[in-house]
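Overview (structure and organization)
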Amino acid sequence: MITLPERWLCGGKQGRRFGNRSQSPDLLQIFISDHGKPMQLDGAKAKVTLLNGAEKSEAELMPAGNKLEAKGSFKVAKGTKGIAVLTLAGKPPATARFEVK
């Protein structure tokens, strides 16, 4: 089972959670656990698509400890919608949709 906490998308060097104001984080992270227990993420990957009105950006996330992450510049603001497609080694892809409040 893949657990995606309600606040699974983190950003910025200070580790801020996205709030109601516009931010351009330099890090996207997805934390993954099996009912609270750490999981092996060898061979895991994820793709996150961020939608800001007509603007679309994508990021490939790779394993980094107990999470998948991508570094870059990501435009995230109130109303940003996203789709994450996660694939664990030997498992079918799982999809999560979210909206930044």
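Now for a look at the structure at hand. (Residues numbered from 1 in each chain as written. Predicted model: local features only at pLDDT ≥ 70, side-chain atom pairs only at ≥ 80, totals over all residues. Heavy atoms only, no water.)

Turning our attention to the side chain of Gln29. Tracing the backbone shows Gln29 in strand β3 (residues 27-31). Take Gln29: its relative accessible area is 10%, and that puts it in the buried class. A polar side-chain atom of Gln29 sits 3.2 Å from a polar atom in the side chain of Glu69. (Helix = DSSP H or I, 4+ residues; strand = E, 2+ residues; numbered from the N terminus. Buried < 20%, exposed > 50% of the residue type's maximum accessible area, 1.4 Å probe, protein only. Polar contact = N/O pair within 3.5 Å; in protein donor to acceptor, adjacent residues only side chain to side chain.)

By definition, the strands of a sheet pair up through backbone hydrogen bonds, in either a parallel or an antiparallel sense. If you walk across this open sheet you meet the 6 strands as β3-β8-β7-β6-β9-β10, and the pairing is antiparallel. Every other strand in the sheet has two partners, leaving β3 and β10 (94-99) as the edge strands with one partner each. Averaged over neighbouring strand pairs, the angle between their axes works out to 25 degrees when direction is ignored. Looking at chain direction, strand β9 (residues 81-87) and β10 are connected through 6 bridges and run antiparallel. Across the sheet, Ala84 pairs through a bridge with Ala96, a residue of β10. (Pairing = 2+ DSSP bridges. Axes fitted to C-alpha atoms, helices over the stretch in contact; angles between N-to-C directions.)

A few words now on unusual backbone geometry. Even without glycine at this site, His35 takes up a positive phi of about 55 degrees. The class of His35 is exposed, set by a relative accessible area of 61%.

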